[in-house]
Amino acid sequence: MSNTPTANGMLNKPAFGDADWNTTCDANWDVIDAVITRASILINGDFRINQRGYVSAATLASGAYGHDSWKAGASGGDYSFTQLASPTTITIASSKSLIQVVEDKNVVGGSYTLAWAGTATARVGVNSATPSGNFAVSPITVTGQSAATAMSVEFTGANAAGGSSLATNSGTLGTVKLEAGSVATPFVLDDYSASLLK
């Protein structure tokens, strides 16, 4: 008999009748799988690393980088913040956006869930380094991502949900996580030294 993947595809549940199957295990397998915390494929989702020294509320031109791995969208990406040693919340200015592209070598394919804290809205570029489609509130689950193909996320202010235009107001953003599967799990703080190497 073969094992079957759980709802979010992260564990294989033993098939009924297998030597490692029993009623208690079967009843709890999906519950256990749902609470397993998976790694984010985004870099610097907590905005702790700012090696370029981006200054809060400075002009960030299209394509320019602020905090590590985060670049301005087509209309610029100005944002404000108070830098902390712990996770930092930023505020994206009105009519601006921030993008992170995930390298193809970090993408296993299938379903992904994007979750974050704050009022910002987001969209995901499936199989693309350029996000498109409508913005939405957290969490967002996407399907159909090909393995070994780049993907991307874009964040703007709070009032863009349901449309493809940038928000005309600001939005807060912090503890961003993009993970394989269809369930959002808690944000996990990366080791600071390891994050600097990414």
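Look up: the structure comes first, before these words.
What comes next concerns the included structure. The model shown is predicted, which means the values in this text are computed figures rather than measured ones.

Each neighbour pair has its own omega, and for serine 138 with proline 139 the value is -5 degrees, a cis peptide bond. Inspection of the secondary structure puts proline 139 in the loop between strand 8 (121-125) and strand 9 (140-145). Positive phi, close to 35 degrees, is recorded for threonine 175, a residue that is not glycine. Position of threonine 175 relative to the elements: it lies in strand 11 (residues 171-180).

Right, let's talk about the packing of aromatic side chains for a bit. In this description, a pair of aromatic rings is defined by centroid distance and the angle of the planes. Enumeration according to the criterion identifies 6 aromatic pairs in this entry. Measuring from ring centre to ring centre gives 5.1 Å for tryptophan 116 and phenylalanine 155, while their planes differ by 85 degrees; the resulting arrangement is edge-to-face. With tryptophan 116 in strand 7 (residues 110-117) and phenylalanine 155 in strand 10 (residues 151-156), the pair connects residues that are 39 residues apart, well separated along the chain. Judged by relative accessible area, which is 0%, phenylalanine 155 ranks as buried. One aromatic cluster is present, formed by Phe47, Trp70, Trp116 and Phe155 through successive ring pairs.

The 4 strands are arranged 3-6-10-8 in an open sheet whose pairing can be described as antiparallel. Looking at which strands have only one partner, the edges of the open sheet turn out to be strand 3 (71-72) and strand 8. With 5 bridges joining them, strand 6 (residues 98-102) and strand 10 adopt antiparallel strand pairing. Its bridge partner lying in strand 10, valine 101 is registered against serine 152.

Here the largest pocket defines a volume of roughly 190 Å³. In this structure, the largest pocket is lined by 16 residues; those nearest its centre are Ser40, Leu42, Phe187, Val188 and Asp190. Each residue belonging to the lining of the largest pocket can be placed in one class, and the counts come to 6 nonpolar, 4 polar and 6 charged.

Counting residues in each nonpolar core, the largest one holds 29 residues, and the members touching the most others are Leu114, Trp116, Phe155, Leu173, Val176 and Leu178. Going through the elements one at a time, strand 4 (79-81), strand 5 (90-92), strand 6, strand 7, strand 8, strand 9, strand 10 and strand 11 are the ones with two or more residues in this core. It is strand 11 that contributes the most residues to this core, 4 residues altogether. For leucine 178, the contacting residues outside a window of four places in its chain are Ala39, Ser40, Ile41, Leu42, Val102, Tyr112, Thr113, Leu114, Met151 and Val153.

Analysis parameters
Residues numbered from 1 in each chain as written. Predicted model: local features only at pLDDT ≥ 70, side-chain atom pairs only at ≥ 80, totals over all residues. Heavy atoms only, no water. Helix = DSSP H or I, 4+ residues; strand = E, 2+ residues; numbered from the N terminus. Phe/Tyr/Trp six-rings, centres within 6.5 Å; stacked < 30°, edge-to-face > 60°. Buried < 20%, exposed > 50% of the residue type's maximum accessible area, 1.4 Å probe, protein only. Pairing = 2+ DSSP bridges. 1 Å grid on protein atoms, 1.4 Å probe; cavity = no way out; pocket = protein on both sides within 12 Å on 5 of 7 lines; lining within 4 Å. Points joined across faces, edges and corners; volume = space filled by probe spheres on them. Nonpolar A, V, L, I, M, F, W, Y, C, P; charged D, E, K, R; others polar. Core = buried A, V, L, I, M, F, W, Y, C linked by side-chain atoms within 4.5 Å. Contact = heavy atoms within 4.5 Å.

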